[in-house]
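Residues per chain are reported as follows:
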Amino acid sequence: MKKSILLLAMVPFAFTSCLEDEGNYDYTELQTVEISGLAESMRCVLQQPQNITPSVATQISADRLEYIWRIGADTLGTEKDLKYTFTDVPINKDPLTFEVRDKQTNVRYSKTIDLTVVSPFTTGYAILTDAGKLAFQSFESGNPLYQDVCEAVKGEPLSGKPLSVKQLRYQDGNTGAWFDRISVLMQGGKSPEFDGVSMKRTKWYDDEFHTASVPSFAAITAQYFNTDKALDIITTDGQVFIKRIGSMGSPDDGYYEYPLQSEGGYKIAPCVTRLTSNDAAYVGLDEQNHRFVLWMGNNLSANLRHVAANDAQFSTIPGTLVWMGNPMYSYTGYAIVKNEGKYYLYVLTTDWQLSPTVKMAQLPDGAVNDNCVFAANITMQNYDVVSNYLFIGDGPKLKAINLLSLDNMNDAVIDVATFDGDITDMHFDRDVNVLPEAEFSIAVSRSTGSSIYQLDPTIINHGAIIKKYDGINGRIVSFCRKI
């Protein structure tokens, strides 16, 4: 009973103590940071500098603040204003985040931006000039022209004599991932391959040869390869080197080990055609043994073999090759051969058994010469050929041979158009992301610079220009439509 009375007597004193306890608490209003001036989303282009200036409103003293710009865990900058140039497309898809941290309280304030980074090198024209520069005419917004890609990406300059530029596509045998590359062949210098997105150099072809010495390159045969299609290089002495794909089937896991063989030797002219009926089959002209030969790009143990033609007269092909190629998606290849001052057109039509039928017609005097460039085209409707032309660039003149009139070649050669410079390269290509029909493009080179024209390929429109891209420095040696 005494204990209960004692507790009741202590209650008023306890209550008074709680009321009078002021403590050491700070009820000052928390200072905040307001970030503004940033878009909800932005689109950046590789190699184009970005300057982003946010507004930061706060009563927090500047010495307490620190800034960070990041994509995921990757830091882009630590200043309030971001000055940055993307040189690669980010692998992850995280947004761009601007973060402000109060170093005293460790409270963080952030703003995110949906980010899209695109490459100007995804689609357009890759252009090799006589000045030894790799240029790129982009189809990105504004159609920027890069006169020197190596300089733009701060890479090593090209060296040697420029030969050709091609787009290649590789597939990893394990992951199935595709690799987009640009290949540049140089003679008397090192030949590089570039990543088709960033245009950074991925390798030198010279480093892929497991031989005593690196041969001098003359041509690349393939436009693409994957786990069952090889990439072939033809050397200046006419040998064909086939690339071992390697354990992964990736572009960086193979090498050139040895050239294909043929009894008695051979010398392949540096211009071949790939038969569409079998993507791994290539046909070339062996100028040492005067015959068409065939090899399989997906079989390293296979040797060159003589093309067994339908007619015995085509078992020997006298002369030297001027050009060889085929239209897109066509089973037919064409070769122009010069012999004793005359030019002959050979037509090789094949089937799945790779038993070609060969025809030949002598071209009229003056129709072609050693300096001409060529591009073949075929148009079909309901599986029927409605037009088939071999276009010829002869100086400033664009001509065409009607390939449906081989029996009367004097009437088959057509004058199409005349341009304001020499036609130095041309070809057909098809970008399914842009146009359903094939694009016909020509390079026109002058002493003051060069242009690329996309033309209407129909003969009746006389080479009408659909689009043109001017201002390319130097004379164009080779170009390819980057897809």
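Higher on the page you've got the structure.
Figured I'd write up the structure that's included with this text.

About the cut-offs
- All chains use their own residue numbering, which begins from 1 and follows the written sequence.
- The predicted nature of this model means local features are confined to residues of pLDDT at least 70 and side-chain atom pairs, given and counted, to a pLDDT of 80 or more, with totals for whole chains, interfaces and linings taken over all residues.
- Heavy atoms from the whole structure form the basis of all side-chain values; hydrogens and water molecules are not counted.
- Helix and strand assignments follow DSSP, with helices taken as H or I runs no shorter than four residues and strands as E runs no shorter than two, numbered in order from the N terminus.
- For the exposure calls, accessible area comes from a 1.4 Å probe over protein chains only, and a residue counts as buried if that area is under 20% of its type's maximum, exposed if over 50%, partly exposed in between.
- Any two residues whose heavy atoms approach within 4.5 Å are treated as being in contact.
- Calculation of accessible area relied on Shrake-Rupley with a 1.4 Å probe; when residues are assessed, cover is drawn exclusively from the protein chains displayed.
- Salt bridges, as used here, are contacts in which a Lys or Arg side-chain nitrogen is within 4 Å of a carboxyl oxygen on Asp or Glu.
- Note that patches include only residues with greater than 30% relative accessible area and no salt bridge, and the join distances are 9 Å for like charges and 5 Å for nonpolar side chains (Val, Leu, Ile, Met, Phe, Trp, Tyr).
- When DSSP finds two or more bridges between two strands, those strands count as paired.
- Only four residue types enter the tally: Lys and Arg on the positive side, Asp and Glu on the negative side; His and the chain ends are excluded.
- The angle between two axes is taken between their N-to-C directions and runs from 0 to 180 degrees, where each axis is a line fitted to C-alpha atoms and a helix contributes only its stretch in contact.
- Two aromatic rings from Phe, Tyr or Trp, using only the six-membered ring of Trp, form a pair when their centres are within 6.5 Å; if the ring planes differ by under 30 degrees the pair is stacked, by over 60 it is edge-to-face, and anything between is tilted.

1. Section: the overall build of the protein
Helix and strand counts for the protein stand at two helices and 37 strands. Residues classed as buried in the protein amount to 47% of the 483 residues present. Pairs at least 24 apart in sequence give 52% of the contacts found in the protein among residues at least 6 apart. A total accessible area of about 24,300 Å² is found for the protein, and carbon and sulfur atoms account for 49% of it.

2. Considerations on the pattern of salt bridges
On inspection of all chains with the given rule, the structure shows 21 salt bridges. We note a salt bridge from Arg-108 to Glu-99, for which the minimum N-O separation is 3.0 Å. Judged by its relative accessible area of 10%, Glu-99 is buried. As a salt-bridge pair, Asp-148 and Lys-133 come within 3.3 Å of each other at their nearest N and O atoms.

3. Some points on a nonpolar patch on the surface
A cluster of nonpolar residues, Met-380, Val-385 and Leu-404, forms a patch on the protein surface that exposes about 260 Å² of accessible area. For Met-380, the position within the fold is in strand 29 (residues 373-381). Judged by its relative accessible area of 43%, Met-380 falls in the partly exposed class.

4. Focus: the sheet that holds strand 11 (residues 134-138)
What the four strands build is an open sheet, ordered 12-11-10-37; its pairing is antiparallel. The two strands at the open ends of the sheet, each matched to only one other strand, are strand 12 (145-146) and strand 37 (476-482). Bridge count for strand 10 (residues 124-129) against strand 11 is five bridges, and the pairing is antiparallel. Bridge pairing in strand 11 places Ile-127 opposite Ala-135.

5. Describing the side chain of Asp-206
Tracing the sequence through the fold places Asp-206 in the loop between strand 16 (201-204) and strand 17 (217-220). Here Asp-206 occupies a buried position and makes no salt bridge, while the nearest side chain of opposite charge, Lys-190, is found at 5.7 Å. Apart from the residues within four sequence positions on either side, Asp-206 is in contact with Gly-189, Lys-190, Ser-191, Val-214 and Phe-217.

6. Notes on the sheet that holds strand 19 (residues 240-244)
Taken in spatial order, the four strands make up an open sheet running 17-18-19-20, and their pairing is antiparallel. Of all the strands in the sheet, the pair left with one neighbour each is strand 17 and strand 20 (255-259). The sheet shows a mean angle of 35° between the axes of neighbouring strands, taken without regard to direction. Where strand 19 and strand 20 come together, three bridges link them in antiparallel fashion. Residue Lys-243 lies in a different strand from strand 20, and its bridge partner there is Tyr-256.

7. Focus on unusual backbone geometry
For Met-199, which is not a glycine, the phi torsion comes out positive at approximately 65°. Tracing the sequence through the fold places Met-199 in the loop between strand 15 (192-195) and strand 16. Judged by its relative accessible area of 1%, Met-199 falls in the buried class. Non-glycine residue His-290 carries a positive phi angle of around 55°. As for its position among the elements, His-290 is in the loop between strand 22 (281-286) and strand 23 (291-296).

8. Some points on the pairing of strand 18 (residues 232-235)
Neither face of strand 18 is open: one carries Asp-232 and Ile-234, the other Ile-233 and Thr-235, and all of them are buried. Alignment of strand 17 against strand 18, held across three bridges, turns out to be antiparallel. Following the sheet pairing, Ile-220 is matched in strand 18 by Ile-233. Strand direction decides the pairing type here: strand 18 and strand 19, joined by three bridges, are antiparallel. The residue of strand 19 that forms the bridge with Asp-232 is Ile-242. The turn linking strand 18 back onto strand 19 is made up of four residues, and Gly-238 within it adopts a positive phi angle of 85°.

9. Some details on the environment of Leu-185
In this fold, Leu-185 is placed in strand 14 (residues 178-187). Residue Leu-185 is classed as buried on the basis of its relative accessible area, which comes to 0%. Separated by 25 residues in sequence, Leu-185 and Gly-160 have C-alpha atoms that sit 9.2 Å apart.

10. Comments concerning the packing of aromatic side chains
Under the definition given, this model contains 22 aromatic pairs. Ring centres of Tyr-84 and Phe-86 lie 4.9 Å apart, and the angle between their planes is 75°; this geometry places the pair in the edge-to-face category. Judged by relative accessible area, Tyr-84 falls into the partly exposed class, the value being 28%. Since its relative accessible area comes to 6%, Phe-86 is described here as buried. A ring pair is formed by Phe-121 and Phe-136, whose centres lie 5.3 Å apart and whose planes are at 85°; its orientation type is edge-to-face. Of this pair, Phe-121 sits in the loop between strand 9 (108-118) and strand 10 while Phe-136 is found in strand 11, placing the two residues 15 residues apart along the sequence. In this structure, Phe-121 and Phe-136 share a single accessibility class: buried. One aromatic cluster in this structure is built from Tyr-205, Phe-209, Phe-217, Phe-241 and Tyr-256.

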